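Per-entry structural report
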Amino acid sequence: MRDAFIDFGKLMQSAFFRDRLKMVFGKENRTLYSRRIEDEIYREVRDGRDNMLSELEKQAQGKLPGISDLSRDVFQSLFSMNVKEKPENALSPMAKKFHRPILRQLMQSPAYPALRAVCEGNELPAYDAAEEFMRQVCENLDQLMDAANGPKRSLSVLDKEAAKQEDRLEQLGELLKRHSPSQPGPRLEKKILQLANRAHSKVGQLAALEKMVEDNLLHHQEQVGDVLSAAGQAAMEKADETAQILLSWGTNPGNMRPDALNEQLLQKVRQNEQLVKISQYLGRLREMMRMKRKNATVYGRGEKYGLELGNRLRSVISSEFGPLAALETIPLFLRKYQRGALLQYQRREKVCKGQGDKIVCLDESGSTMQNGGDNAAWGKAVAYALLDAAGFHRRNFALIHFSDEDDFRTDIFRPGRYTPEDVLSSASTFLNGGTDYEAPLREAFRLMDTGEFRQADIVFITDGECWVSKSFIQELQKKKAAMGFTITGILMDQASPGMKFTLAPFCDEIYRISELGGQQVAERLLSGRI
């Protein structure tokens, strides 16, 4: 093959010298920019976790050099608020032709917007999602590498040839540093020319190999897409699980940093499948409550009011009266008034027992564990959301787990005097057995009689019918009349819509999942207690 450069002068004037030799050959395996603080966060989270990701990378390193950089980029794409790609000429061929397509496939997947919503700025969900994504990639690495390699093993050859080319360019750089234009050395110039011609001859080969890798991935686009789509979905589920656990059981639901308490919490909850299932419901309820508290408006002498839409002129905020200042905008005000669409403060109501101490009777009969245990998990999620509300308002809270006659357990939570471990211990309880209403209600009466819960109201959560004796009905009537407490009935009756509820005549409110759905029931129950 004819040499591209026959003398030293032509080499120095060539585009090859200008564009290649004066530029460091692309070495970067990281395809995304990151700030120093983001690198420090990643290091801190990784150091505090188990060695699962390190083991995955160690096993895959022989097949995919620089896999740890791909792991770092996946975390960056989920956690960072400003995801920005590096230019292609700064990347190694492996990063450019294999890492980047994988990352772009993730960032263009249907799951990515939801992943970002959970992971952006949240260290632990982002790391767990990245770890799960990389686990899926490593499990399918042979398939992905085969797709990129094709029959001629183009990616592997490209990686090896690129490393050799990098060595040549570094050697040329060193030789050029020794060359002095004022005192040219023929032997040195000849050596430079030989190495430059060899490096130049490989440029076309590397470009052809890169094109082959692109074509191979394009040819196997559906196969690669299925693998990475499944990895993205698994990452989404893992991130959501982590977020919901921290939202459910953490002392500060907005804290998803890698501190010791959060790490212990994740480890403990993941050892109990039922706690994980409860988290799927409780996390969303606590987040809803947190956001409503955050959006509340301080008004008057420290009282809190929410904002709502309506047409109660006494409560309408002042800015809504702006259109009355001009004749042409008065109709706009009137239209909003007629539709009840004026922004107004929620009317302050008399503090009633509904916002006071709470006693929750929770059905833990065996039937609640049917259909995957959804009723058991949902019922506990609602109970602990009510505990959150009671704690926020510095109220006492009692949870009476019940099943068969005389088979119940009472957990009492006094404001400021219980820990996340106490709540987890309570949530881990499951009695199983049949259903008896009298024992938990008599226990509720006992608590009220002690004085500490004298002003409490009762929330009764159950999924089944239960016979109640006439003598107990009379006792319940007398107690309710004498003590003035309210009873709210929650029926998990989606499996038997319209089921009879023995306590219905004594309930001030009854919510049925069969009519409203679980989320709507929970929101209505909690709306006045947040």
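Residues numbered from 1 in each chain as written. Predicted model: local features only at pLDDT ≥ 70, side-chain atom pairs only at ≥ 80, totals over all residues. Heavy atoms only, no water.

1. Things to note about the overall build of the protein chain
Our working definition: The numbering of helices and of strands both runs from the N terminus, where a helix is a DSSP run of H or I of at least 4 residues and a strand a run of E of at least 2. Accessibility here uses a 1.4 Å probe with only protein chains present; expressed as a share of the type maximum, an area under 20% marks a residue as buried, one over 50% as exposed, and anything in between as partly exposed. In this analysis, two residues are considered to be in contact whenever any of their non-hydrogen atoms come within 4.5 Å of each other. Per-residue and other accessible areas were derived by the Shrake-Rupley procedure at a 1.4 Å probe size, with only the shown protein chains allowed to occlude residues. Charged residues are defined narrowly, with Lys and Arg counted positive, Asp and Glu counted negative, and His plus the chain ends left uncounted. For charged residues, the charge sits on one atom: NZ in Lys, CZ in Arg, CG in Asp, CD in Glu.
If you tally the helices and strands in the protein chain, you get 21 helices and ten strands. Looking at the protein chain residue by residue over its 530 residues, the buried ones come to 49%. Nonlocal contacts in the protein chain, meaning residues at least 24 apart in sequence, comprise 77% of its contacts between residues at least 6 apart. For the protein chain, the exposed area adds up to about 26900 Å²; of that, 49% sits on carbon and sulfur atoms. Across the protein chain, the mean location of the 76 positive side-chain charges is 6 Å away from that of the 74 negative side-chain charges.

2. With respect to the packing of helix α9 (residues 141–149) against helix α10 (residues 154–178)
What counts here: Axes, fitted as lines to C-alpha atoms, cover a helix only where it is in contact. Angles between the N-to-C directions of the axes lie from 0 to 180 degrees. Angular relationships are summarised with four words: roughly parallel below 35 degrees, roughly antiparallel beyond 145, roughly perpendicular across 65 to 115, and oblique for the angles in between. Classification used: nonpolar for Ala, Val, Leu, Ile, Met, Phe, Trp, Tyr, Cys and Pro, charged for Asp, Glu, Lys and Arg, polar for all others including Gly.
Between α9 and α10, the shortest axis-to-axis distance is 6 Å and the interhelical angle comes to 80°. Between α9 and α10, the interaxial angle falls into the category roughly perpendicular. Judged by residue contacts, M145, A148 and N149 of α9 engage S154, L155 and S156 from α10. Tallied by class, residues from the contact of α9 with α10 come to three nonpolar, three polar and no charged.

3. Observations regarding the state of the cysteines
Under the convention used in this document: Two cysteine sulfurs form a disulfide in these notes if their separation is within 2.5 Å.
Within the structure shown, the criterion is met by zero disulfides. Free cysteine C138: the closest other cysteine sulfur is in C119, separated by 18 Å. With no disulfide of its own, C507 lies closest to C361 among cysteine sulfurs, the gap being 11 Å.

4. A closer look at the confidence of the model for the protein chain
Put simply, the test is: One number per residue, pLDDT, summarises how confident the predictor is, and it ranges from 0 to 100.
Averaged over every residue, the pLDDT of the protein chain is 85; residues scoring 70 or more account for 90%. The low-confidence segment residues 297–302, where pLDDT is below 50, has eight contacts with residues more than four positions distant or belonging to other chains. Ignoring residues within four places in sequence, the model shows residues 349–354, a span with pLDDT below 50, making eleven contacts including any to other chains.

5. Details of the packing of aromatic side chains
This is how the line gets drawn: What counts as a ring pair is set by centres within 6.5 Å for rings of Phe, Tyr and Trp (its six-membered ring), and what kind of pair is set by the plane angle: stacked under 30 degrees, edge-to-face over 60, tilted for all other angles.
Under the definition given, this model contains 14 aromatic pairs. Their ring planes at 35° and their centres at 5.3 Å tell us that F402 and F460 sit as a pair that is tilted. Of this pair, F402 sits in strand β6 (residues 397–402) while F460 sits in strand β8 (residues 457–462); the two residues are 58 residues apart in sequence, bridging distant segments of the chain. Each of the two residues, F402 as well as F460, counts as buried. A centroid spacing of 5.2 Å and a plane angle of 80° characterise the contact between F413 and Y418, whose relative ring orientation is edge-to-face. By relative accessible area, Y418 is classed as partly exposed at 26%. Three or more aromatic residues link up through ring pairs in this structure, and these residues are Y42, F75, F79 and Y127.

6. Focus on the environment of R524
Of note, R524 is situated in helix α21 (residues 518–527). Taking the C-alpha atoms as reference points, R524 and Y511, 13 residues apart in sequence, are found 8.7 Å from one another. Not counting chain neighbours up to four residues away, the residues in contact with R524 comprise Y511 and L516.

7. A short note on the pairing of strand β9 (residues 487–491)
Basically, it comes down to this: Note on pairing: two strands pair once DSSP finds at least 2 bridges between them.
Burial runs high along β9: five of the five residues are buried. Residues I487, G489 and L491 of β9 are buried on one face, and the alternating residues T488 and I490, pointing to the opposite face, are buried as well. Where β9 and strand β10 (residues 509–512) come together, four bridges link them in parallel fashion. In the strand pairing of β10, T488 is matched with E509.

8. Re the pairing of β8
Test applied: Handedness rule for crossovers: strands pointing away from the viewer, path from the first strand over the helix to the second running clockwise, crossover right-handed.
Burial within β8 is extensive, with six of its six residues counted as buried. The alternating pattern of β8 places D457, V459 and I461 on one face and I458, F460 and T462 on the opposite face, and all of these are buried. Bridge count between strand β5 (residues 358–363) and β8: five bridges; the pairing is parallel. Note that in β8 the partner of V360 across the bridge is V459. Bridging between β8 and β9 involves five bridges; their strand directions are parallel. Among the inter-strand pairings, I461 is bridged to a residue of β9, identified as I490. Each parallel crossover has a hand, and the one from β8 via helix α19 (residues 470–483) to β9 is right-handed.

9. Describing unusual backbone geometry
At N371, a position not held by glycine, the phi torsion is positive, near 55°. With respect to the element layout, N371 can be found in the loop between β5 and α16 (374–392).

10. Things to note about helix α13 (residues 260–270)
Inclusion rule: Along the arc lie the directions from the helix axis toward the C-beta atoms.
Listed in full, the buried residues belonging to α13 are N262, E263, L265, L266 and V269. For α13, the buried positions fall inside an angular range of 160° around the axis, keeping them on one side. Turned more than 90 degrees away from the buried face of α13, the exposed residues are A260 and Q267. At its buried positions, α13 is contacted by α3 (36–48), α8 (123–139), α12 (221–249), α14 (273–294) and α17 (420–427).

11. Focus on the sheet that holds β10
Sheet architecture is open: six strands sit in the order β7-β6-β5-β8-β9-β10, paired in mixed fashion. Edge strands, defined here as strands with exactly one partner in the open sheet, are β7 (408–413) and β10. Averaged over all pairs of adjacent strands, the angle between their axes in this sheet comes to 15°, without regard to strand direction. Relative to β7, β6 is paired through six bridges, and the arrangement is antiparallel. By the bridge assignment for β7, H401 is matched with R409. Its contacts with the sheet put α21 on β8, β9 and β10, and the angle it makes with β10 is roughly 155°.

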